[in-house]
Each structure stands twice: as structure tokens, then as C-alpha cells.
Amino acid sequence: MEAETGRGAMVEAIMSPEVDMGGAYPAANFIRASVVQASSIFYNTPATLDKVERLVAEAADLGSQLVVFPEAFVGGYPRGNSFGAVVGSRSAKGREDYRKYHASAIDVPGPEVERLASLAGRQKVVLVIGVIERDGGTLYCTVLSFGSGGEFLGKHRKLMPTASERLIWGFGDGSTLPVFETPIGRVGAVICWENRMPLLRTAMYAKGVQLYCAPTADARSTWQASMLHIALEGGCFVLSANQFCRRQDYPPAPEYVFGGMGDQEPSPEDVVCAGGSVIISPTGTILAGPNFEGEGLITADLDPADIVRAKFDFDVIGHYARPDVLHLTVRDQVLPPVSFTSNLASNRHDVHKERTDI
């Protein structure tokens, strides 16, 4: 693939070593970041994790310090699957489809999380990756973040699944809206159409996000407008990662019935998600992408000073805020569905015991 316009911008086809990176490592004080555009291996989480390892290694070989993967990369985005549901009814096949999808999800924490943490440490990258998280019988669309020292930083659960996603994914709460301090800057993630939620974006800006990761499943041209707006609004770098998928990247019919593209089942070569991964600066410059051509890495060098330059014009939670008129309250506590009074009584007993021991 040929280089895109914009400072330090380049698109690198997967496993193609001939792209001119302008040096093995970014210039002093610059951050080299790669966004992965690739498909999951659906219903095969071990093979998908093997693919993650190859792609992270490739990005690290390019000198990248931050690597961002798409929404639901581990566990898969079940595009086109109705799960046999209509209002008032669910089919036996749909229930079985959910069982297989549940089996492809990962526990957090769990062995797959440990593997990803080890990978980030081994390649010395900050890693941001979309997964399907399994918590009992419920699945969540989640983003996991890992530090370059091999530490699991934490997770963000998608607050509001979009449309039919609500059939298969639970809702996150305010306790998983983190922005992580890392050696390359403050990293946060907001998933797909959550990025259209003004109050959620405001919460992320208030936490000081500098490297705003936007894993998505939206390949439409309108998505690019949202990403550009967020970069300008937040005065932050926006790194949006999407899968590029063909019908053949999913199991064949009748095991996996693909809907939503008209009356005909797509042919194996039909593109069902065209990507559009992109990296944008705080001043609205497109640094790399959007890539609508196929699987690949897009890579750019980010100048952290651009954040301050952008804030001179507009600081949404600073000099451009009007807290005397507009104020946001974020409920960031865990909201458990069940509380046991025995636990509360035990806690009160422990507090009383501590006080009597003083």
C-alpha cells in the first residue's frame, strides 16, 4: 500500500517489510503508534491470539510504542448473526450460536489476559485491544489495556451496546471508564457508537485523555467525521481501529447464517466490513489512513506538543468550559445487582473491632 498524506503517516501491509518508515524509531519526543486493521478468526480464540502476537510483533518491529486493535477482536464481532431472535421468540439454533459465542469469550482476569500482558511486556508496547469478556452467563464488549512493562492496566466495558448488540452483550457501568497514565501519555478507550455520547466523551476529557483509542465496527464514511470531531473537541490524538472482514472470515452457512446484506447470502469474497482505521492529530490533521483497502497496519509518529498547541484554541474542560452553566456528574461506582446483608453486617463488625482495638 502506498503512503497516506500527513506528517509521519504511512500504511503498512501486514507482513510487508518494504515500507519506508523514515528510521527505525520515532524522532525524539515523538510517539510511534500503530493501529491494526485485521479480522478475527471467528470461533477460534487461540488462533486469534496467535494472530495478535504476530501483529504486535510486526508493529514493534516498526518501532511502535502503542498498538491499538479493533472492537471485539478477541472473541469476534458477530456481524450478520441474528441469534435466532425476533420479538417474543428465540430459536434453538440461536441459543446454540450464543453458546458457541460464549465459549469463544475470555474471562477477565484469566489466562488469555495473562498472555496478552506478557506479550505487551515482551514487545515493550502499550497494548489496547477489544475483547468479548465472559462474566458468568453474560458477555460484555470490553477493551483491555496493558502497559509496556507487561502489566494489565484495566478494562472498559461498553456502556451502551448498539441496537441488536443489546441482545448478546450486557451494559457496562461507570466503574470502568479508566484513563491510564503510561510513559507515552494518558491512554483511554471508548468503543464504537459510545463515541457519539457527548457526556461520555466529556468524562474522558475530564480525566485528561491524550491518546484516545476508538475501537469500532463502523466502516461507513460518516465514522470519519466523528473521529475528526473528537480529535478537535478533545484536543487529543484519536486512534480508531476497525476489522477488515470478508464473508469467508466467518464460518460457512448453515453453521453461521449471515444476514443484513439483502436477500442473498454474501459470497465468500464479499467484503462485510471495509475497515476505515485512522489516526488523527489534536488539530484535525489525518496522520494515517483511513484504510479501506484490506488488512494492514497504519502507523504514524505523534508529536505530544500538538496537544498543547490544540488546547490554545479550545480546551473543553478548561478555559472553554462554563461550569457555572453546565456541569456533568459521573456515577463511577460499581453497581452490583445483588447485595447481601450478611456482608454488610460483617463489615460493620470489622469496623467496630478495629475501633475497640485502638
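What you are looking at is a predicted structure, and each value in this text was computed from that prediction instead of being measured.

A. Representation of the side chain of His156. Tracing the backbone shows His156 in strand β8 (residues 152–157). What makes His156 buried here is its relative accessible area of 3%. Separated by 2.6 Å, the side chain of His156 and the backbone oxygen of Thr176 make a polar contact. Among the polar contacts made by the side chain of His156, one reaches the side chain of Glu194 at a distance of 2.8 Å.

B. Spatial organisation of the nonpolar core. Grouped together as the largest cluster of nonpolar side chains are 44 residues, with contacts concentrated most on Leu66, Leu239, Ile279 and Leu302. Of all hydrophobic cores here, the second largest spans 27 residues; its members include Val36, Leu49, Val52 and Ile106.

C. Region of the structure containing the UniProt feature "active site" (unreviewed entry) in the protein. The sites that carry the UniProt feature "active site" (unreviewed entry) are, in the present numbering, Glu71. Note that Glu71 resides in the loop between β3 (66–68) and β4 (85–86). Within the structure, the side chain of Glu71 is placed 3.0 Å from the backbone nitrogen of Ala217, a separation counted as a polar contact.

D. Structural detail: helix α4 (residues 198–206). By the burial criterion, the buried members of α4 are Leu200, Arg201, Ala203, Met204 and Tyr205. Taken together, the buried residues of α4 touch β9 (179–182), β10 (185–189), β11 (211–213) and α5 (221–234). Gly208 sits one or two positions beyond α4 and adopts a positive phi of about 85°.

E. Just the sheet that holds strand β15 (residues 277–280), in detail. The sheet built from six strands is open, its strands ordered β9-β10-β11-β12-β15-β16 with mixed pairing. Both outer strands of the open sheet, β9 and β16 (286–291), are each paired with one neighbouring strand and no more. Along the sheet, successive strands turn relative to each other by an average axial angle of 15°, direction set aside. One ladder, built from three bridges, connects β11 with strand β12 (residues 237–240); its direction is parallel. Note that in β12 the partner of Tyr212 across the bridge is Val238.

F. Looking closely at the pattern of salt bridges. Summed over the entire model, instances satisfying the criterion amount to 22 salt bridges. Between Arg115 and Asp50 there is a salt bridge; the shortest N-O distance is 2.5 Å. Pair noted here: Arg115 is in helix α3 (residues 111–123) and Asp50 is in helix α1 (residues 45–61), with a separation of 65 residues, a long-range link. Of the charged contacts, one joins Glu255 and Lys100 as a salt bridge, the two residues approaching to 3.5 Å between their closest N and O atoms. Here Glu255 is found in the loop between β13 (244–246) and β14 (271–274), whereas its partner Lys100 is found in helix α2 (residues 92–104), with 155 residues between them in sequence. Taken together, the shared-partner salt bridges connect Asp50, Glu53, Arg115 and Arg122 into one network.

G. Broad picture of the packing of α1 against α3. Running from N to C, α1 and α3 point in directions that differ by 15°, and their axes come no closer than 10 Å. Classified by the interaxial angle, the pair formed by α1 and α3 is roughly parallel. For α1 against α3, the interelement crossing comes out right-handed. Counted together, Pro46, Leu49, Asp50, Val52, Glu53, Val56, Ala57 and Ala60 of α1 and Glu112, Arg115, Leu116, Leu119, Arg122 and Gln123 of α3 form the full contact between these two elements. Of the residues contributing to the contact of α1 with α3, the split by class is eight nonpolar, one polar and five charged.

Conventions and cut-offs
Residues numbered from 1 in each chain as written. Predicted model: local features only at pLDDT ≥ 70, side-chain atom pairs only at ≥ 80, totals over all residues. Heavy atoms only, no water. Helix = DSSP H or I, 4+ residues; strand = E, 2+ residues; numbered from the N terminus. Buried < 20%, exposed > 50% of the residue type's maximum accessible area, 1.4 Å probe, protein only. Polar contact = N/O pair within 3.5 Å; in protein donor to acceptor, adjacent residues only side chain to side chain. Core = buried A, V, L, I, M, F, W, Y, C linked by side-chain atoms within 4.5 Å. UniProt positions renumbered as here; feature names shortened; annotations may be inferred. Contact = heavy atoms within 4.5 Å. Pairing = 2+ DSSP bridges. Axes fitted to C-alpha atoms, helices over the stretch in contact; angles between N-to-C directions. Salt bridge = Lys/Arg side-chain N within 4 Å of Asp/Glu carboxyl O. Parallel < 35°, antiparallel > 145°, perpendicular 65-115°, else oblique. Left-handed = near helix turned anticlockwise from the far one by under 90°. Nonpolar A, V, L, I, M, F, W, Y, C, P; charged D, E, K, R; others polar.

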